[in-house]
Amino acid sequence: MSVGLLAVVDDILTAALKASVKTAGVVIDDAAVTPQYVQGLSPARELHVVWRIALGSLFNKFIIIIPLALLLSAFAPWVLPWLLILGGTYLCFEGAEKVTEWFGVHHGAGETEARDERKLIFGAIRTDLILSTEIMLISLAGLDPDFEIWMTLGALVVIGLGMTVLVYGAVALLVKIDDVGLTLMENSARWLRRTGARIVRSMPAVFRVIGIIGTVAMLWVGGHLVISNLADTFWQAPYDVLHAATQIVETAGPVVVWVIDTAMSAVFGLILGLIIVVIVLGISRLLKQNQPGANVPGRV
């Protein structure tokens, strides 16, 4: 490999690393959201499902997001904020739907359908499309605008591949760690058996916590997406409120600022999501009432 080519590769890797640092929060969200999609499946199918979702994530990034982002940024950059508003709104809806389920409001046809592999994989890939879109667009914004198109493309490919391996490698480890515990329980060493038993006992609680984190992550990321992109389009007020609140606590340090920003974005996302949930439930009930035979006496 020539010195010139090595220098180009080094430039691409360096640019990709710098640009991807800003996406750390979304990457954590992605890793927290995904494990809930394999809950309820048999252990033998978990890695298969994670692998299918990872392939879907690669398709999202390389076939849909990167080409579309490059085209839109070159010819119609004004479209990107609107796409992010739509994506953020969907995340808010999905997060709020899960919150209502915590309080006994059930959506969908039932437990058997909810565990259908194809539906789970499709739902996970659909959510990944939105999270991956934010990851790639943040990365694109963090790259040097003077980069040539193929340098930008190379950096985005490196970021997309790296983030996918990182997120779904972590997810695969999470969903199979209970198998590690079961293996340890069969060990002859007593302390290893105890450790394995603790791991197995703790996993249901771990997944409950991950599910909560994933739901909050949807609301946080979705709310922040909507707030920031509304400010870039037609409504500045939510961003101004958020900015004013973070300025008030700015002297307390970056951690407090991040907590306030995250909490307010999540609350905004929850309110927006609940509004959409109510609208969707209302439309769904109206459609059911208008179905032929829905009001026929004696018909269930």
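Okay, so let's go over this structure. If you're wondering where the values come from, they're calculated on a predicted model, not measured in any experiment.

1. Brief notes about the nonpolar core
Among the nonpolar cores identified, the biggest contains 55 residues, and Val 50, Ile 53, Met 136 and Leu 156 are the most heavily contacted of them. Not counting the four nearest positions on each side in its chain, Leu 156 is found in contact with Ile 66, Leu 70, Met 136, Ser 139, Leu 140 and Leu 143.

2. Topic: the packing of helix 4 (residues 79–102) against helix 10 (residues 254–289)
At a closest axis distance of 7 Å, the pairing of helix 4 and helix 10 adopts a crossing angle of 80 degrees. In terms of their interaxial angle, helix 4 and helix 10 are classed as roughly perpendicular. Across from Thr 89, Cys 92, Phe 93, Ala 96, Glu 97, Val 99 and Thr 100 in helix 4, the residues of helix 10 making contact are Gly 269, Leu 270, Leu 272, Gly 273, Leu 274, Ile 276, Val 277 and Val 280. Tallied by class, the residues present in the contact of helix 4 with helix 10 amount to ten nonpolar, four polar and one charged.

3. Notes on the pattern of salt bridges
One pass over the structure, following the stated rule, counts three salt bridges. Ionic pairing is found between Arg 45 and Glu 117, a salt bridge with its closest N-O pair at 2.7 Å. Within this pair, whereas Arg 45 is found in helix 3 (residues 43–75), its partner Glu 117 is found in helix 6 (residues 117–142), the two being separated by 72 residues in sequence. A salt bridge links Lys 176 to Glu 46; its shortest N-O distance comes to 3.7 Å. Of the two residues, Lys 176 sits in helix 7 (residues 149–185) while Glu 46 sits in helix 3, which places them 130 residues apart along the sequence. What makes Glu 46 buried here is its relative accessible area of 9%. What you see here is one network of salt bridges that share partners, running through Glu 46, Lys 176 and Asp 179.

4. As for the packing of aromatic side chains
Using the criterion set out here, one finds three aromatic pairs in the structure. Judged by centre distance (6.3 Å) and plane angle (50 degrees), the ring pair of Tyr 90 and Phe 93 falls under tilted. With Tyr 90 and Phe 93 both in helix 4, this residue pair falls three residues apart, about one helical turn. A relative accessible area of 22% places Tyr 90 in the partly exposed class.

Rules and cut-offs
- Residues numbered from 1 in each chain as written.
- Predicted model: local features only at pLDDT ≥ 70, side-chain atom pairs only at ≥ 80, totals over all residues.
- Heavy atoms only, no water.
- Core = buried A, V, L, I, M, F, W, Y, C linked by side-chain atoms within 4.5 Å.
- Buried < 20%, exposed > 50% of the residue type's maximum accessible area, 1.4 Å probe, protein only.
- Contact = heavy atoms within 4.5 Å.
- Axes fitted to C-alpha atoms, helices over the stretch in contact; angles between N-to-C directions.
- Helix = DSSP H or I, 4+ residues; strand = E, 2+ residues; numbered from the N terminus.
- Parallel < 35°, antiparallel > 145°, perpendicular 65-115°, else oblique.
- Nonpolar A, V, L, I, M, F, W, Y, C, P; charged D, E, K, R; others polar.
- Salt bridge = Lys/Arg side-chain N within 4 Å of Asp/Glu carboxyl O.
- Phe/Tyr/Trp six-rings, centres within 6.5 Å; stacked < 30°, edge-to-face > 60°.

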